[in-house]
Amino acid sequence: MSSSPSTRLALDSPDEKTDYHSFKTIKADGFFKGAYHHQIVIPKPQKGKWSLNALNSSGEAYFLNIAYLSADNDAISLANQ
């Protein structure tokens, strides 16, 4: 989620060959009114390290939420760099 609808997002896969740029952007309402949700679904994600880059020409606020639907949820961890 970000404060701008024009934020450019790039999700890079572990093989560094597959880049995901087709995020669905939805204007938020309710508690996060004025924000924008950027969503993507990856049906069969590769195993390994993924990276997400957000680019915008001006400063903005952001919030990252990731949902995993997997039998291996307990084995998944996130690293903050």
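Residues numbered from 1 in each chain as written. Predicted model: local features only at pLDDT ≥ 70, side-chain atom pairs only at ≥ 80, totals over all residues. Heavy atoms only, no water.

With that settled, consider the overall build of the protein chain. A count of helices and strands for the protein chain gives 0 helices and 5 strands. For the protein chain, the α and β elements follow one another from N to C terminus as β-β-β-β-β. Within the span of the protein chain, comprising 81 residues, buried residues form 16% of the whole. Sequence separation of 24 or more characterises 60% of the internal contacts of the protein chain that already satisfy a separation of 6 or more. Accessible surface, the protein chain as shown: approximately 6,900 Å² in total, 52% of it carbon and sulfur. (Helix = DSSP H or I, 4+ residues; strand = E, 2+ residues; numbered from the N terminus. Buried < 20%, exposed > 50% of the residue type's maximum accessible area, 1.4 Å probe, protein only. Contact = heavy atoms within 4.5 Å. Areas by Shrake-Rupley, 256 points an atom, 1.4 Å probe, with all protein chains shown as cover.)

Let us look at the environment of Tyr36. Structurally, Tyr36 can be placed in strand β4 (residues 36-39). For Tyr36 and Ser3, which are 33 residues apart along the polypeptide, the C-alpha to C-alpha distance reads 6.0 Å. Discounting chain neighbours no more than four positions away, the residues touching Tyr36 are Met1, Ser2, Ser3, Ser4, Pro5, Thr25, Ile26, Lys27 and Ala28.

Glancing now at the sheet that holds strand β5 (residues 51-55). The antiparallel open sheet is built from 3 strands, whose spatial order is β2-β1-β5. Two strands in the sheet have a free side with no partner beyond their single neighbour: β2 (19-20) and β5. Strand direction decides the pairing type here: strand β1 (residues 8-12) and β5, joined by 5 bridges, are antiparallel. Its bridge partner being in β5, Leu11 is matched across the sheet by Leu52. (Pairing = 2+ DSSP bridges.)

For the protein chain, mean pLDDT is 80; residues scoring 70 or higher make up 88% of the total. For the protein chain, per-element mean pLDDT is lowest for β2, which scores 72, and highest for strand β3 (residues 24-27), which scores 89. (pLDDT = per-residue confidence, 0-100.)

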